[in-house]
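# Coordinates in review
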Amino acid sequence: MLKVNLEAVDEIARQVRLRDMGGIIVIDFIDMRDPKKKNELFTALKAAMKTDRARHTILPMSKFGLVQITRERVRPATEIATQEVCISCNGTGKMDSSVQLLDRIENEINYLWENMNQQHVTLRANPLITNFFKQGMPSLRMKWWLKHKHWLKLQADPSLSLTAYQLENDLKQVVNQEA
């Protein structure tokens, strides 16, 4: 087992330097009971880590065969914050269900046709939403035409989030914009 552990020592030292690991590193060597072999392995680890330019401390092997290395990072952290707030949920992780969104759109279209006497209504929405209104036989858009005798014009806009939409009336005025 000593031979396997000695081979691992060189690789451990190389990986610690290569990955610039910092903090407390605990290494669990296999089946090390003989104190002379433990000391030989400890000496080999110290020798392998000698070329490491980062400040480090290696503690002797515990009775359980664990070696603890504390090491300071050499390079600055490379983590760069590349996160943005979700435009659909404003960073909450929650958004209205698709059923609520579709009900809201349908209610507003019904209001424009029935209460505002608008003849031509255009819905600009994410392509997933516009495709939903076109799917099926009869589609939801076809059902509305049969009910209201008005045809809903659909305009797919990939720049809109999944929950954002715009309704335009006869004069191309934006009647409503939800997000």
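Relevant structure appears above.
Now for a description of the structure that goes with this document. Here the residue numbers are simple positions, counted from 1 along each chain's written sequence. The predicted origin of the model limits local features to residues at a pLDDT of at least 70 and limits the giving and counting of side-chain atom pairs to 80 or more, whereas totals for whole chains, interfaces and linings rest on all residues. Here the side-chain values reflect all heavy atoms present in the structure, with hydrogen atoms and water set aside.

### Focus on helix α4 (residues 127–134)
Of all the positions in α4, only Ile129, Thr130 and Phe133 are classed as buried. Down the axis of α4, the buried side of the element spans an arc of 95°, and every buried residue falls inside it. By the convention used here, residues are in contact when the closest approach between their heavy atoms is within 4.5 Å. Secondary structure counts use DSSP, requiring at least four H or I residues in a row for a helix and at least two E residues in a row for a strand, with both numbered from the N terminus. Buried residues belonging to α4 abut α3 (98–114), β4 (121–125), α5 (140–148) and β5 (152–156). Throughout this description, a polar contact denotes any pair of N or O atoms lying within 3.5 Å of each other; where both atoms belong to protein, one of them has to be capable of donating a hydrogen while the other can accept it, and for residues adjacent in sequence the pair is counted only when both atoms sit in side chains. Capping the start of α4 is the job of one residue whose side-chain oxygen sits 3.0 Å from the backbone nitrogen of leucine 128: asparagine 126. Of the residues trailing α4, glycine 136 is marked for its positive phi of about 90°. Buried means the residue's accessible area, taken with a 1.4 Å probe over protein chains only, is under 20% of the maximum for its type, while exposed means over 50%, and partly exposed covers the values in between. Throughout, the arc means the angular range of directions from the helix axis out to the C-beta atoms.

### As for the packing of aromatic side chains
Ring geometry is summarised as follows: Phe, Tyr and Trp rings, the Trp one being its six-membered ring, pair when their centres sit within 6.5 Å, and such pairs are stacked at plane angles under 30 degrees, edge-to-face over 60 and tilted between the two. Overall, the coordinates contain 3 aromatic pairs when judged by the stated rule. Plain terms: the ring middles of tryptophan 113 and tryptophan 144 are 6.5 Å apart, the flat faces sit at 80° to each other, and that makes the pair edge-to-face. With tryptophan 113 in helix α3 and tryptophan 144 in helix α5, the pair connects residues that are 31 residues apart, well separated along the chain. In this structure, tryptophan 113 and tryptophan 144 share a single accessibility class: buried. Ring centres of phenylalanine 133 and tryptophan 144 lie 5.2 Å apart, and the angle between their planes is 45°; on these two criteria the pair is classed as tilted.

### Considerations on the pattern of salt bridges
Salt bridges, as used here, are contacts in which a Lys or Arg side-chain nitrogen is within 4 Å of a carboxyl oxygen on Asp or Glu. Per the counting criterion, the structure on display carries 6 salt bridges. The salt bridge involving aspartate 20 is made with arginine 71; its shortest N-O contact spans 3.1 Å. In this pair, aspartate 20 is assigned in the loop between α1 (2–18) and β1 (23–28) and arginine 71 in strand β3 (residues 66–71), connecting sequence segments 51 residues apart. Each member of the pair aspartate 20 and arginine 71 is classed as buried. Here arginine 124 and aspartate 157 are joined by a salt bridge, their closest N and O atoms 1.9 Å apart. Taken together, the positions of arginine 124 in strand β4 and aspartate 157 in the loop between β5 and β6 (165–168) put the pair 33 residues apart, joining distant regions of the chain. Aspartate 157 matches arginine 124 in its accessibility class, with the two residues each being buried. Members of the salt-bridge network, linked through shared partners, are Asp20, Asp52, Arg71 and Arg73.

### A few points about the nonpolar core
Residues belong to a common nonpolar core when they are buried Ala, Val, Leu, Ile, Met, Phe, Trp, Tyr or Cys residues joined through side-chain atoms within 4.5 Å. Membership of the largest hydrophobic core comes to 18 residues, with the highest contact counts inside it found for Phe29, Leu45 and Ile69. Of all the secondary-structure elements, those providing two or more residues to this core are α1, β1, α2 (35–49) and β3. In this structure, isoleucine 69 is in contact with Gly23, Ile24, Ile25, Ile27, Leu45, Met49, Thr57 and Ile58, ignoring residues within four places of it in sequence. Leu112, Val121, Ala125 and Phe133 belong to the second-largest nonpolar core, a separate cluster that totals 16 residues.

### Remarks on a nonpolar patch on the surface
Patch membership requires over 30% relative accessible area and the absence of a salt bridge. Like charges are linked within 9 Å, and nonpolar side chains (Val, Leu, Ile, Met, Phe, Trp, Tyr) within 5 Å. With residues, only the protein chains shown are counted as cover, and all accessible areas are computed by Shrake-Rupley using a 1.4 Å probe. Taken together, the side chains of Ile24, Val26, Phe64 and Leu66 make up a nonpolar region of the molecular surface, amounting to roughly 420 Å² of accessible area. Accessibility expressed as a relative area gives 32% for leucine 66, which makes it partly exposed.

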